[in-house]
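Residue strings, one per chain:
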Amino acid sequence: DYYDDDKENITQLIDTNTLSSKEKAAGLSRIQRCLDMFRERTDFVITNDVQPAQPLSIKIKDSLSNRKDFVNSDNDKAVIHKILIHLENSESQASKQKLKAAEASAKNQDEVDLQREQVQEEEQEQEQEQEQE
């Protein structure tokens, strides 16, 4: 059998009686969760409608909430929290920049529209002058 060499190690991970007092057995349920996460299917389904954009920070939070069993130490939690804060700040700055760019674009469009109106009025005046001659 392929796993013959590993049977003893696998048994030690599951069985609490074989470990020393400092070691902690992973337990069968934890191993099963690890395997389930490892074997999680990637979905390639493409929907007919366009899904609204979702910030990366929200996607990461959702993913973390599904895998919170794997974040055990306070250090890990602090690192994740710090990364999420930086990510949220950068998303906030990016949305502010997009808003400013949209406002600038709208202002430029207003100026272009005004110039078009002025050119059109000048052309109409020239046509009227030519008709009068």
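Everything that follows concerns the structure shown earlier in this document.
Scope of this entry: the structure provided in the associated data block. Keep in mind that what you see is a predicted model, and the values were worked out from it rather than measured.

Describing the overall build of the chain
Next, step 1: Check the secondary structure of the chain and you find four helices and zero strands.
Next, step 2: Along the chain, helices and strands appear, N-terminal first, in the series α-α-α-α.
Next, step 3: Counting across all 133 residues of the chain, residues that qualify as buried make up 5%.
Next, step 4: Put simply, 44% of the contacts in the chain that link residues at least 6 apart link residues at least 24 apart.

Comments concerning the environment of asparagine 72
Next, step 1: For asparagine 72, the location among the structural elements is in the loop between α3 (56-66) and α4 (74-132).
Next, step 2: Residue asparagine 72 is classed as exposed on the basis of its relative accessible area of 53%.
Next, step 3: Leaving out residues up to four positions away in the same chain, asparagine 72 has contacts with Arg30 and Lys77.

A look at the packing of α3 against α4
Next, step 1: It is the contact of α3 with α4, at a shortest axis distance of 9 Å, that shows an interaxial angle of 155 degrees. Classified by the interaxial angle, the pair formed by α3 and α4 is roughly antiparallel. Note on element contacts: α4 touches α3 through Ile80, Leu84, Leu87, Glu88 and Glu91, opposite Leu56, Ser57, Ile60, Lys61 and Leu64.

Quick word on the side chain of serine 57
Next, step 1: In this structure, serine 57 sits in helix α3.
Next, step 2: At 2.7 Å, the side chain of serine 57 and the side chain of glutamate 91 are in polar contact.
Next, step 3: With sequence-adjacent residues up to four places away left out, serine 57 is seen in contact with Leu84, Leu87, Glu88 and Glu91.

Calculation criteria
- Residues numbered from 1 in each chain as written.
- Predicted model: local features only at pLDDT ≥ 70, side-chain atom pairs only at ≥ 80, totals over all residues.
- Heavy atoms only, no water.
- Helix = DSSP H or I, 4+ residues; strand = E, 2+ residues; numbered from the N terminus.
- Buried < 20%, exposed > 50% of the residue type's maximum accessible area, 1.4 Å probe, protein only.
- Contact = heavy atoms within 4.5 Å.
- Axes fitted to C-alpha atoms, helices over the stretch in contact; angles between N-to-C directions.
- Parallel < 35°, antiparallel > 145°, perpendicular 65-115°, else oblique.
- Polar contact = N/O pair within 3.5 Å; in protein donor to acceptor, adjacent residues only side chain to side chain.

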